[in-house]
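# Tertiary structure, described
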Amino acid sequence: MSRSDVLVDADWVQAHLGDPGLVLVEVDEDTSAYDKGHIKGAVKIDWKKDLQDPVRRDFVDRPGFEALLSERGISNDDTVIVYGGNNNWFAAYAYWYFKLYGHQNVKLLDGGRKKWELDSREMVTEIPQRAATSYHAQEQDRAIRALRDDVVAAIGNLNLVDVRSPDEYTGRLLAPAHLPQEQAQRPGHVPTAKNVPWSKAAQDDGTFKSDQALRALYADESGLDFAKDTIAYCRIGERSAHTWFVLHELLDQPNVKNYDGSWTEYGSLVGVPIEVGDAK
Amino acid sequence: MSDAEQAGASGCGAPAGGIKVTAGVGNQAVVQGHVTRAGTPVPTGYARLLNSDGEFVAEVPLGEDGGFTFYAAPGSWTLRVLAPGGVRAEQVVSAESGKIIELEMAV
């Protein structure tokens, strides 16, 4: 797979607005962002309300995902372009989620909402009307999703990549610094995990660095062994979806999983090993 | 539970302007402020917090009033602002536990 199969730039999107068979999807955590303005024709998916089970901590099940996409007017044959705020964290998460349920043709808008805004491109408040479809999802592809036991088993065996900031990795902060720091989890990281912050893969405007720079970052500077399988995690699994996208989609690493439970699960588990401070 | 705690428990993203300090600062080390151009708030843009090594720590889209709020730890941080038109501004700030540091960034 090449970069152009998984990533489109803002000029491309601008030139293809309104194309049949193309659906723009904005995915944010703060969905008021979409309501204030979005790319013309884009539909909204709410990271929490639409993609998370309202009771259990897990995703909506397959029928739930089918109902969501059918209602939003997305069909199996559509090319879905996802974009969002927070440097595409939640858009990368949605991309991974669409792949998890087997949607074939999905791409990420490079730089997401931020690049679009910094370019002063047009945003509208008009909500598009799309006819409902009958979407069919596949069973979840567990090859790209890690659960807690996979992570414990990976300690000392596979590549574990902690993509949070160095301050969260060492235990100095428990959450990104725009969030209050009063959390239930123990601070620290999974032993043997390497800290490669997601932000090292992106420029300030949110676009991804070149394949060459990314390969150098993970293989040379961070010492990831590309011959081994990899599990990426962060705090709740969206920043690590960003890194999953880099490793699996841009750099074509075959076995990369995103651990969506991430630190809010691992840091609350009883009896698992935790390391604090710098990498040992 | 405060709004801030709820947001922190459920998500990881930043709402525009960040999460305002509502129920007292407690022992948090808060850095907040506003971005203005010729005295007028800049509502479209981003505030980014970097640690003392220059590494990304967090980012929020600016609020309608050009505002931003971060919950840091005691120590030195850099606040970087990005806005349309290639606008960029930086300021070094020292955060302290139990205090709100107020910044005014003119771009």
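Residues numbered from 1 in each chain as written. Chains lettered and ligands numbered in written order. Predicted model: local features only at pLDDT ≥ 70, side-chain atom pairs only at ≥ 80, totals over all residues.

The next thing to look at is the overall build of chain A. Counting secondary structure elements, chain A contains 11 helices and 10 strands. Its C-alpha atoms give chain A a radius of gyration of 18 Å, within 12% of the compact-globule value 19 Å for 280 residues. Principal-axis analysis of the C-alpha atoms places the extent of chain A at approximately 55 × 40 × 35 Å. Within chain A, buried positions represent 48% of all 280 residues. Nonlocal contacts in chain A, meaning residues at least 24 apart in sequence, comprise 75% of its contacts between residues at least 6 apart. (Helix = DSSP H or I, 4+ residues; strand = E, 2+ residues; numbered from the N terminus. Rg over C-alpha atoms; globule rule 2.2 N^0.38 Å. Buried ≥ 20, exposed ≤ 12 C-beta atoms within 10 Å, placed from the backbone. Contact = placed C-beta atoms within 7 Å.)

Another point: the overall build of chain B. Helix and strand counts for chain B stand at one helix and eight strands. Mapped in sequence order, the helices and strands of chain B form the string α-β-β-β-β-β-β-β-β. Every one of the 107 residues in chain B was classed for burial, and the buried ones make up 44%. Pairs at least 24 residues apart make up 60% of the contacts formed inside chain B by residues separated by at least 6 positions.

Turning our attention to unusual backbone geometry. Residues and elements named next belong to chain A. In this model, Asn86 sits at a positive phi of 50°, which is unusual for a non-glycine residue. Note that Asn86 resides in helix 5 (residues 85–100). Since 33 C-beta atoms lie within 10 Å of it, Asn86 is described here as buried. Its identity as a non-glycine residue notwithstanding, Ser262 has a phi of 45°, on the positive side.

All names here are of chain B. As summarised here, the arrangement of the four strands in space is 4-3-6-7, forming an open sheet in which the pairing is antiparallel. Here the strands that pair on one side only, and so sit at the sheet edges, are strand 4 (56–61) and strand 7 (87–95). For this sheet the average axis-to-axis angle between neighbouring strands, irrespective of direction, equals 20°. Two strands pair when backbone bridges link them, and strand 3 (residues 46–50) and strand 6 (residues 75–83) are joined in this way by five bridges, in the antiparallel orientation. Within strand 6, the position partnered with Leu49 by the bridge is Leu79. (Pairing = 2+ DSSP bridges. Axes fitted to C-alpha atoms, helices over the stretch in contact; angles between N-to-C directions.)

Residue and element names in this part refer to chain B. On average, chain B scores 85 in pLDDT, and the residues at 70 or more come to 89%. Predicted confidence in chain B is weakest over helix 1 (residues 3–10), with a mean pLDDT of 41, and strongest over strand 2 (residues 40–41), with 96. Predicted confidence for residues 1–9 stays below pLDDT 50, and this span has 15 contacts to residues more than four positions away or in other chains. ipTM for the predicted complex: 0.79, alongside a pTM of 0.91. (pLDDT = per-residue confidence, 0-100.)

Counting 70 residues, the largest nonpolar core has Val25(A), Val82(A), Ala94(A) and Tyr95(A) as its most contacted members. Apart from residues lying up to four places away in sequence, Val25(A) is in contact with Ala42(A), Val43(A), Ile45(A), Val80(A), Ile81(A), Val82(A) and Ala94(A). Of all hydrophobic cores here, the second largest spans 36 residues; its members include Ala16(B), Tyr46(B), Tyr71(B) and Trp77(B). (Core = buried A, V, L, I, M, F, W, Y, C linked by C-beta atoms within 7 Å.)

Attention now goes to the interface of chain A and chain B. Reports of interface size often rely on the accessible area that becomes lost once the parts have come together. Facing 35 residues of chain A, the contacting portion of chain B comprises 31 residues. Of all the secondary-structure elements, those providing two or more residues to the side of chain A that touches chain B are helix 5, helix 6 (112–118) and helix 8 (166–170) of chain A. In terms of residue count, the dominant contributor to the side of chain A that touches chain B is helix 5 of chain A (five residues). Of the residues that constitute the side of chain A that touches chain B, the class distribution is 13 nonpolar, nine polar and 13 charged. (Nonpolar A, V, L, I, M, F, W, Y, C, P; charged D, E, K, R; others polar.)

Our focus in this paragraph is the domain arrangement of chain A. All names here are of chain A. Along its sequence, chain A is organised into domain 1 (3–140) and domain 2 (143–266). Placing the centre of domain 1 and that of domain 2 at their C-alpha centroids yields a distance of 23 Å. Taken together, the contact pairs 21 residues of domain 1 with 18 residues of domain 2. At the level of secondary structure, the elements contributing two or more residues to the side of domain 1 that touches domain 2 comprise helix 1 (3–6), helix 5 and helix 6. At 10 residues, helix 5 tops the list of elements feeding residues into the side of domain 1 that touches domain 2. Of the residues assigned to the side of domain 1 that touches domain 2, the class counts are 11 nonpolar, five polar and five charged. (Domains from an automatic or database assignment.)

Looking now at the sheet that holds strand 6 (residues 145–146) of chain A. Residues and elements named next belong to chain A. The five strands lie next to each other as 6-10-9-7-8, forming an open sheet whose pairing is parallel. Across the chains shown, the open sheet's two edge strands, defined by having one partner strand only, are strand 6 and strand 8 (194–195). Alignment of strand 7 (residues 159–162) against strand 8, held across two bridges, turns out to be parallel. Considered in strand 8, the bridge of Val161 is made with Lys194. Against the sheet, helix 10 (residues 239–250) engages strand 7, strand 9 (230–233) and strand 10 (256–259), with an angle of about 175° to strand 10.

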